[in-house]
Number of protein chains: 4
Amino acid sequence: MSNRKLRMGMVGGGMGAFIGPVHHMAATLDHEAELIAGAFSSDPTKSAESGRALGLDSRRVYPDWRTMISAEKKLPDEARIDFVSVVVPNSSHYLIVRRFLESGFNVVCDKPLTTTLAEAKALRRIVRQTGKVLALTHNYTGYPMVKQARFMVKSGMLGKINKVFVEFPQGWMAGLIENPGNSIGMWRMNPKVAGGSCCMGDLGTHAYNLLSYVTGLEIDALCADLTAFVPGNRLEDDGNLLLRFNGGARGLLVASQISAGEENPLRICVYGTRMGLEWRQEDPNYLLLKDPCGVVTRYSKGNSNLCPEAKKAARLIWGHPDGFIEAFANIYREAFVAIRTERNGKPIPACDFPTVDDGVAGMAFIESVLTSAKSSRKWTRMKR
Amino acid sequence: MSNRKLRMGMVGGGMGAFIGPVHHMAATLDHEAELIAGAFSSDPTKSAESGRALGLDSRRVYPDWRTMISAEKKLPDEARIDFVSVVVPNSSHYLIVRRFLESGFNVVCDKPLTTTLAEAKALRRIVRQTGKVLALTHNYTGYPMVKQARFMVKSGMLGKINKVFVEFPQGWMAGLIENPGNSIGMWRMNPKVAGGSCCMGDLGTHAYNLLSYVTGLEIDALCADLTAFVPGNRLEDDGNLLLRFNGGARGLLVASQISAGEENPLRICVYGTRMGLEWRQEDPNYLLLKDPCGVVTRYSKGNSNLCPEAKKAARLIWGHPDGFIEAFANIYREAFVAIRTERNGKPIPACDFPTVDDGVAGMAFIESVLTSAKSSRKWTRMKR
Amino acid sequence: MSNRKLRMGMVGGGMGAFIGPVHHMAATLDHEAELIAGAFSSDPTKSAESGRALGLDSRRVYPDWRTMISAEKKLPDEARIDFVSVVVPNSSHYLIVRRFLESGFNVVCDKPLTTTLAEAKALRRIVRQTGKVLALTHNYTGYPMVKQARFMVKSGMLGKINKVFVEFPQGWMAGLIENPGNSIGMWRMNPKVAGGSCCMGDLGTHAYNLLSYVTGLEIDALCADLTAFVPGNRLEDDGNLLLRFNGGARGLLVASQISAGEENPLRICVYGTRMGLEWRQEDPNYLLLKDPCGVVTRYSKGNSNLCPEAKKAARLIWGHPDGFIEAFANIYREAFVAIRTERNGKPIPACDFPTVDDGVAGMAFIESVLTSAKSSRKWTRMKR
Amino acid sequence: MSNRKLRMGMVGGGMGAFIGPVHHMAATLDHEAELIAGAFSSDPTKSAESGRALGLDSRRVYPDWRTMISAEKKLPDEARIDFVSVVVPNSSHYLIVRRFLESGFNVVCDKPLTTTLAEAKALRRIVRQTGKVLALTHNYTGYPMVKQARFMVKSGMLGKINKVFVEFPQGWMAGLIENPGNSIGMWRMNPKVAGGSCCMGDLGTHAYNLLSYVTGLEIDALCADLTAFVPGNRLEDDGNLLLRFNGGARGLLVASQISAGEENPLRICVYGTRMGLEWRQEDPNYLLLKDPCGVVTRYSKGNSNLCPEAKKAARLIWGHPDGFIEAFANIYREAFVAIRTERNGKPIPACDFPTVDDGVAGMAFIESVLTSAKSSRKWTRMKR
């Protein structure tokens with residue numbers, strides 16, 4: 001396989017969806033892939049309309065994902081999709097991802113991977129059995145300066161890490177507290193669709209993934225205080241965690257959807273014995289390094305002195321801001337290395353994108369959080 | 001009593017001290033007081049030297065605070081000090097403050113008020129018995145924009161408050177983790193001098209006072225994870241708390257001395273049902289108000305549309321930064337209103353400075369935190 | 001013509017180029033166009049290699065742009081390119097753009113449009129004669145918050161505009177001052193390739209376009225101080241202008257390549273009788289509005305209360321940063337509306353992208369600047 | 001003379017004044033001086049009232065400055081004032097300063113020193129003849145991080161300086177453009193009181209002093225565009241300058257009172273061949289150093305690695321913001337070293353405060369600006 005564009009399929013992401021178009025733009029930004037097939041909605045009419053709007057060949061627009069699998073499987077190798085992006089609500093991930101993997105397709109899946117740890121572990125087994133690629137779009141770790149942060153921690157520049165603070169506050173549900181309207185119909189608040197968690201699944205897993213990616217620390221135990229402020233919400237819309245890590249470090253993790261006025265300021269602060277660092281998603285092209293004299297050094301995306309991973313992840317030179325889509329595209333770009341290798345029948349190398357292991361870790365995290373919250377907010381050992 | 005300058009005494013704050021000179025500058029900034037007497041050190045020689053450096057009449061420079069009390073008491077009313085500022089380490093506060101109050105002097109005391117809740121309550125009884133003024137220098141609430149924040153919360157602009165985050169990370173002890181040297185001799189780490197807490201007493205009480213001042217919320221229960229990272233430190237140098245407030249709000253409070261590279265970025269974020277606000281001590285002349293549309297409004301010290309308390313607390317017009325000393329001076333300026341009233345033999349009015357009640361609350365906070373930490377970090381009801 | 005993808009050609013932008021790939025990503029981000037043909041280099045071998053790397057059909061990869069024109073012209077209407085993007089150095093713009101227009105192709109051209117005002121005016125005549133689309137990629141006006149700034153000025157919110165300051169300092173040439181090496185070979189410093197200006201053509205025209213787009217003001221006269229700091233540079237690498245506008249407003253425009261340590265902080269400040277506003281390219285998703293009380297309001301890309309143009313230009317919701325590529329893509333997206341209309345044989349509507357008129361204005365600006373600079377920096381009337 | 005407090009007198013600064021109380025706070029912040037005498041207003045009643053409000057001995061409160069001179073001169077050396085602070089409008093500076101100097105008093109004078117260059121030069125002669133101290137309160141150079149900026153430039157870290165940009169935009173007069181009311185009565189707009197310049201005298205001289213202090217550069221020639229936007233204003237309320245320095249550097253200087261919404265953001269950017277730096281008065285405790293790789297290093301007031309002058313000028317440790325008053329107090333503190341020396345009859349050493357030479361330079365600057373502006377904005381050689 002030369003430089004040909006990978007053939008992309010999509011499940012979900014029909015008209016009006018938020019994250020489907022992001023996946024589409026991200027996957028195609030570098031001209032490495034082309035969307036050619038999809039089952040864009042559980043409503044066949046909407047799926048067809050979405051395919052038309054995307055200008056796809058109608059024969060490759062399917063009424064549902066099962067039909068898509070069976071039809072694509074029948075296509076010759078040089079026509080069938082190389083991978084499918086699964087961008088449906090959480091509760092549908094497991095079965096769809098499983099069936100695509102088992103049918104021989106590589107998969108890119110939105111997060112969280114599943115709605116239970118057991119499902120996530122099952123997918124891990126299937127990934128290992130099938131040898132297919134499963135990439136999880138924890139897109140925030142696609143930012144160049146997050147890669148630089150990881151590099152700096154790994155390099156030992158910060159000394160031994162003793163403390164980590166990561167927060168992900170959003171405010172869009174705050175208004176629902178006084179005026180819930182029919183918000184309770186939203187899938188994120190519906191345990192049947194979202195799984196056992198609302199803001200921890202939506203935001204907390206991103207925060208946890210970022211923390212793990214940057215620091216490499218493993219949670220030993222945690223204490224969780226979850227609250228549903230929106231009347232009628234059966235899942236939490238605010239969660240605050242204390243964390244204890246193996247090796248003695250301490251941490252806090254905050255995820256919230258009722259932090260009125262906040263947009264999307266995912267933020268991580270890491271403190272070692274020698275230095276601290278800070279990164280904010282709303283100002284993503286910068287990384288702050290804080291030295292013991294109080295001098296703060298701001299590195300920028302595109303600086304010539306960054307680590308190779310950060311350089312590679314920067315699409316443009318310094319001062320030319322990369323944004324959310326570019327970071328998202330970095331996940332795809334790395335996954336494409338693995339997918340191309342798999343399509344060439346070679347062993348998949350270690351790549352810099354979130355895998356099924358991150359998906360399992362995320363579900364272990366959510367279940368540990370829920371266990372703590374439900375047992376009167378006691379300290380709980382992290383599940384594995 | 002007309003506009004005459006108040007006569008100020010000081011206990012502690014001798015040469016080389018950090019906070020003594022701050023008290024001196026803050027108390028005299030508005031030309032309302034003059035330092036005329038003191039026992040500046042437990043070492044009589046150092047006290048005498050300090051007095052000389054300050055240009056004081058040597059007859060008013062005392063070898064120790066007991067001598068100071070007995071000598072000042074003997075002076076005629078028009079000569080004796082109007083108040084004393086107590087700026088010694090924590091464990092000495094109780095006895096000194098008590099004796100000055102009982103001897104008829106008004107007192108300004110550095111925080112935390114005492115080393116135990118029982119002592120703080122005892123001082124509260126004495127304040128009530130004697131009718132003297134006791135002001136506590138939780139200086140951060142002296143900033144104009146903190147007063148504006150309090151006003152905005154009170155006014156209902158933010159809606160019902162559901163979440164509060166307050167952090168006070170410092171980094172100056174981080175270097176001691178690898179190179180403790182003889183740091184263990186520092187009084188802040190010595191339980192006999194600092195009391196039962198290091199960073200919670202030093203920073204946590206400021207954070208708690210700020211939270212209480214701005215939101216008016218009362219903690220119902222808390223869960224505390226305290227750690228001593230500096231080898232040999234018998235008290236904590238890092239602490240992370242989950243908070244539950246009466247009325248259902250949730251919160252986090254962080255205080256740390258090992259957050260490498262941080263200077264003094266005390267920060268508070270308050271989220272209501274309608275809006276959020278944020279204030280940072282390192283950028284103290286601004287207050288951010290965040291609306292549900294994501295529009296952020298930045299108010300500045302000196303704006304004509306601020307509340308009266310914020311206007312009064314601004315010494316200069318907008319764009320002319322007020323700093324730490326000016327905020328500190330605001331505590332004194334308010335206390336002087338009370339002290340002048342007391343000296344005129346009139347009932348002390350409600351003023352805008354931290355009192356013995358804040359001191360008691362602070363000690364209740366510390367003891368609650370220590371109880372939680374020592375009981376395997378269980379949730380603990382807030383003591384009163 | 002339905003929703004089919006537009007067929008894109010490119011002249012220039014071969015391997016190793018900076019701006020070619022940006023055009024490619026920007027043009028295809030929204031899946032509205034596909035690159036299918038090109039003459040990517042004046043070196044036929046390099047052009048062929050570049051085409052291969054892009055996965056293009058080799059029959060559509062041409063050894064030079066003249067061959068490209070003649071070959072594409074012969075293709076049936078449903079195969080030939082719908083537009084060509086011209087991304088070569090300045091001095092080649094004129095002839096290439098002219099020939100493509102005259103041969104019936106729509107054109108997207110990088111800025112500045114030409115190297116002389118006369119050439120730019122000639123292109124304007126040709127555009128009018130041919131009825132083809134000519135879009136100029138002054139990409140900075142593609143940012144959503146620049147559109148919001150323009151809207152706010154137009155709406156009268158700021159009152160009458162009295163002062164404008166726009167600066168575009170870069171630092172990448174500063175190091176050449178001490179170590180010019182063989183930098184003098186760079187085309188930007190070569191009058192034969194760059195035209196009569198280095199930093200004014202590269203950065204100044206962007207700044208001028210931004211100023212014009214946001215304020216609608218027209219320069220009456222200007223005074224220019226241009227300097228070449230890099231030894232051997234025959235063109236200026238630093239330029240500072242005083243501006244007087246029709247109607248009485250005053251302004252300053254700064255463009256520099258020797259402002260050491262600056263990345264790409266294009267910034268505009270506009271002051272009216274009632275309010276001021278500020279926008280910075282390195283923080284592009286925010287717009288600051290400053291009111292007479294000193295209250296600063298920060299609007300974000302994606303806010304629900306923005307003007308329709310700003311909303312439309314935001315690819316993602318608030319808190320999800322759009323970057324340089326997305327802004328660039330907005331120029332293409334608007335140009336595509338015009339190009340599709342032209343391809344459908346209908347009259348081209350007014351669209352929100354820079355046209356040949358902006359190109360003419362930019363060249364008038366450069367020539368006015370050069371006239372002032374060369375006449376001992378005298379005040380010079382703006383050419384038209 | 002030991003550590004005794006210096007005896008301070010004041011001319012001007014009566015009740016309701018802005019800058020008088022700032023001088024008072026600044027002069028006494030470090031307990032080195034005490035205000036004991038004054039002629040606070042040209043209205044004797046108001047002077048007396050102001051003195052009473054300040055708690056001064058009424059015998060030292062004078063109905064006018066001439067009476068003050070003659071009365072203070074008659075006092076014994078150990079009672080008379082050590083220096084006088086002159087804080088009246090510009091046009092009164094010359095005579096008052098002159099008479100105090102000639103009568104043997106040291107003087108601290110607000111800026112600009114006089115209303116003409118000739119007067120300034122006359123004062124310089126008198127200073128040299130009398131051997132008295134004349135300090136000029138260009139207070140912005142009192143900030144610690146401005147001293148650090150000066151140090152860094154001097155040290156050669158930035159390489160040869162090629163470009164300087166300094167801006168001082170304020171917005172408080174913008175509202176007067178549409179509603180001038182009786183603003184024309186304001187002394188700043190009255191040539192008889194303010195001298196020949198409004199915003200250049202008020203703000204431009206600060207900007208020029210800052211530029212000179214930080215860079216050491218001397219202006220060779222300038223081109224000035226001055227405008228009066230407020231109807232009826234006979235002096236300029238907006239001014240923009242191009243600067244050429246001896247040695248080849250270029251610059252811009254902006255001063256404005258009609259930049260709506262701006263508070264007091266005096267800002268300087270200096271670019272050398274190796275690095276750039278930036279400082280903003282509204283965020284005064286930080287200094288940004290920008291390296292050629294695009295890495296920005298933020299130094300803070302109080303950092304241990306600052307130059308001695310910056311360390312000395314920081315009243316508090318890092319993270320504890322110093323403000324406007326503290327910077328102002330640094331001018332006084334340095335002047336006091338000179339004043340104490342003079343009072344001890346010794347030769348005055350070189351100190352770090354603005355002197356009569358800075359006053360002369362400031363007036364030469366204003367006159368050069370006015371010459372350019374009045375000669376159709378031609379380039380004008382800097383007067384000396």
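Thresholds applied
- Residues numbered from 1 in each chain as written.
- Chains lettered and ligands numbered in written order.
- Predicted model: local features only at pLDDT ≥ 70, side-chain atom pairs only at ≥ 80, totals over all residues.
- Heavy atoms only, no water.
- Helix = DSSP H or I, 4+ residues; strand = E, 2+ residues; numbered from the N terminus.
- Rg over C-alpha atoms; globule rule 2.2 N^0.38 Å.
- Buried < 20%, exposed > 50% of the residue type's maximum accessible area, 1.4 Å probe, protein only.
- Contact = heavy atoms within 4.5 Å.
- Areas by Shrake-Rupley, 256 points an atom, 1.4 Å probe, with all protein chains shown as cover.
- Buried area = accessible area lost by both parts, 1.4 Å probe.
- Salt bridge = Lys/Arg side-chain N within 4 Å of Asp/Glu carboxyl O.
- Polar contact = N/O pair within 3.5 Å; in protein donor to acceptor, adjacent residues only side chain to side chain.
- Nonpolar A, V, L, I, M, F, W, Y, C, P; charged D, E, K, R; others polar.
- Pairing = 2+ DSSP bridges.
- Axes fitted to C-alpha atoms, helices over the stretch in contact; angles between N-to-C directions.
- Least-squares fit on C-alpha atoms with pLDDT ≥ 70 in both.
- Parallel < 35°, antiparallel > 145°, perpendicular 65-115°, else oblique.
- Left-handed = near helix turned anticlockwise from the far one by under 90°.
- Expected span 1.5 Å × (residues − 1).
- Disulfide = S-S within 2.5 Å.

Enquirer: Would you take a moment to explain the overall build of chain A for this structure?
Expert: The helix and strand inventory of chain A stands at 12 helices and 14 strands. The C-alpha atoms of chain A give a radius of gyration of 21 Å, which matches the 21 Å a tight globule of 384 residues would have. Structurally, chain A occupies a C-alpha span of about 60 × 50 × 40 Å along its principal axes. Looking at chain A residue by residue over its 384 residues, the buried ones come to 65%. Partitioning the intrachain contacts of chain A with sequence separation of at least 6 by distance along the chain shows that 69% fall at a separation of at least 24. Accessible surface for chain A amounts to roughly 12600 Å². Of this, 52% is attributable to carbon and sulfur atoms.

Enquirer: In this structure, what is going on with the interface of chain C and chain B? I would like to understand it.
Expert: A common way to state how big an interface is: give the accessible area lost once the parts meet. With 13 residues of chain C at the contact, the number on the chain B side is 13 residues. Counting the surface lost from both chain C and chain B, the interface buries some 990 Å², and carbon and sulfur atoms represent 53% of this. Counting the contacts that link chain C with chain B gives 0 salt bridges. Linking chain C with chain B are 4 residue pairs in polar contact (both at pLDDT 80 or more), by the criterion used here. Classifying every residue of the side of chain C that touches chain B by side-chain character gives 6 nonpolar, 6 polar and 1 charged. Of the strand pairs in this sheet, strand β13 (residues 296-300) of chain B and strand β13 (residues 296-300) of chain C are connected by 3 bridges, and their pairing is antiparallel.

Enquirer: Where do I start with the sheet that holds strand β3 (residues 83-87) of chain C in this structure?
Expert: Whenever strands of a sheet pair, they do so through backbone hydrogen bonds, lying parallel or antiparallel. All names here are of chain C. Strand order in this open sheet of 5 strands is β2-β1-β3-β4-β5, and the pairing throughout is parallel. The strands lining the two open edges of the sheet, one partner per strand, are β2 (33-39) and β5 (134-136). Taken pair by pair, the neighbouring strands of this sheet meet at an average axis angle of 25°, ignoring direction. Of the strand pairs in this sheet, strand β1 (residues 6-12) and β3 are connected by 5 bridges, and their pairing is parallel. Residue pairing for β3: M8 is matched across the bridge by F83. Relative to β1, helix α11 (residues 324-343) is tilted by about 115°, and along the sheet it contacts β1, β2, β3, β4 (106-109) and β5.

Enquirer: Mind showing me how you'd approach the interface of chain B and chain A here?
Expert: Taken together, the 47 residues of chain B in the interface contact 47 residues of chain A. For the pair chain B and chain A, the summed buried surface comes to about 3500 Å²; carbon and sulfur atoms form 50% of the total. Applying the counting rule to chain B against chain A returns 12 salt bridges. Summed over the shared surface of chain B and chain A, the number is 22 residue pairs in polar contact (both at pLDDT 80 or more). For the side of chain B that touches chain A, the elements supplying multiple residues, two or more each, are β6 (161-169), α7 (174-178), β7 (219-227), β8 (238-245), β9 (250-256) and β10 (267-272) of chain B. With 7 residues, β8(B) is the largest single contributor of residues to the side of chain B that touches chain A. Residues that form the side of chain B that touches chain A fall into these classes: 17 nonpolar, 15 polar and 15 charged.

Enquirer: Explain the relation of the copies chain C and chain B here, please?
Expert: With an axial shift of 0.0 Å and an RMSD of 0.0 Å, the rotation relating chain C to chain B amounts to 180°. The operation mapping one copy onto its partner corresponds to a two-fold rotation axis. Taking the C-alpha atom as reference, chain C places T297(C) closest to the rotation axis, 2.2 Å from it. A share of 100% of the interface residues of chain C reappears at the interface of chain B, consistent with the copies meeting face to face through the same patch.

Enquirer: Sorry, what's going on with the packing of helix α1 (residues 19-28) of chain D against helix α11 (residues 324-343) of chain D here?
Expert: To describe two helices that pack against each other, one gives the angle between their axes and the distance between the axes. Residues and elements named next belong to chain D. Contact geometry for α1 and α11: axes closest at 8 Å, N-to-C directions at 60°. As far as their axial angle goes, α11 and α1 are oblique. In the crossing of α1 with α11, the sense of the turn from one axis to the other is right-handed. Contact with α1, carried on its side by I19, V22, H23, M25, A26 and A27, involves F324, I325, F328, A329, Y332 and F336 of α11 and no other residues of that element. Counted by class, the contact of α1 with α11 contains 11 nonpolar, 1 polar and no charged residues.

Enquirer: Mind showing me how you'd approach the pairing of strand β12 (residues 286-290) of chain C here?
Expert: In the case of a regular strand, side chains alternate between the two sheet surfaces. All names here are of chain C. The buried fraction of β12 is high, at 4 of 5 residues. Alignment of strand β11 (residues 276-280) against β12, held across 3 bridges, turns out to be antiparallel. When the sheet's bridge partners are listed, L277 is paired in β12 with L289. As consecutive antiparallel partners, β11 and β12 are separated by 5 residues. As judged from the 5 bridges shared by β12 and β13, these two strands associate in the antiparallel manner. Within β13, the residue paired with Y286 across the bridge is S300. Remark: 5 residues form the turn of the hairpin made by β12 and β13, two consecutive strands paired antiparallel; G294 in that turn has positive phi of roughly 90°.

Enquirer: What am I meant to see in the relation of the copies chain B and chain A here?
Expert: To go from the first copy of the chain to the second, apply a rotation about an axis and then a shift along the same axis. Overlaying chain B with chain A gives an RMSD of 0.0 Å, the required rotation being 180° about an axis along which the chain moves by 0.0 Å. Most of the interface of chain B is mirrored in chain A, where 100% of its interface residues are also at the interface.

Enquirer: Whenever I open this one, the pattern of salt bridges confuses me. Can you help?
Expert: Two side chains that carry opposite charge are able to pair once their charged atoms sit near each other. Using the criterion set out here, one finds 120 salt bridges over all chains in the structure. In this structure, the salt-bridge partner of R267(B) is E278(B), at a minimum N-O distance of 2.8 Å. Of this pair, R267(B) sits in strand β10 while E278(B) sits in strand β11 (residues 276-280), and the two are 11 residues apart along the sequence. Exposure remark for R267(B): the relative accessible area of 8% places this residue in the buried category. A salt bridge links R343(C) to D77(C), with the nearest nitrogen and oxygen atoms 3.4 Å apart.

Enquirer: Before we go on, may I ask you to explain helix α6 (residues 144-155) of chain A in this structure?
Expert: Think of an α-helix as turning once every 3.6 residues; residues three or four places apart then point the same way. Residue and element names in this part refer to chain A. Here α6 contains 12 residues, and its C-alpha end-to-end distance of 16 Å stays within 8% of the 16 Å for a straight helix at 1.5 Å per residue. Among the residues of α6, those classed as buried are P144, M145, V146, K147, Q148, A149, M152 and V153. Downstream of α6 by one or two residues, G156 has phi in the positive range, about 90°.

Enquirer: Got a minute to help me understand the state of the cysteines in this structure?
Expert: Note on terminology: disulfide describes a covalent bond linking the sulfur atoms of two cysteines. Counted by the stated rule, this structure contains 0 disulfides over all chains. Between C351(C), a free cysteine, and C307(C), which holds the nearest cysteine sulfur, the sulfur-to-sulfur gap is 16 Å. Note on C109(D): no disulfide assigned, nearest cysteine sulfur contributed by C198(D) at a separation of 18 Å. According to the relative accessible area criterion, C109(D) is buried, its value standing at 0%.

Enquirer: What is the right way to look at the side chain of S50(A) in this model?
Expert: Within the fold, S50(A) resides in helix α2 (residues 44-53). Not counting the four nearest positions on each side in its chain, S50(A) is found in contact with G14(A), M15(A) and F40(A).

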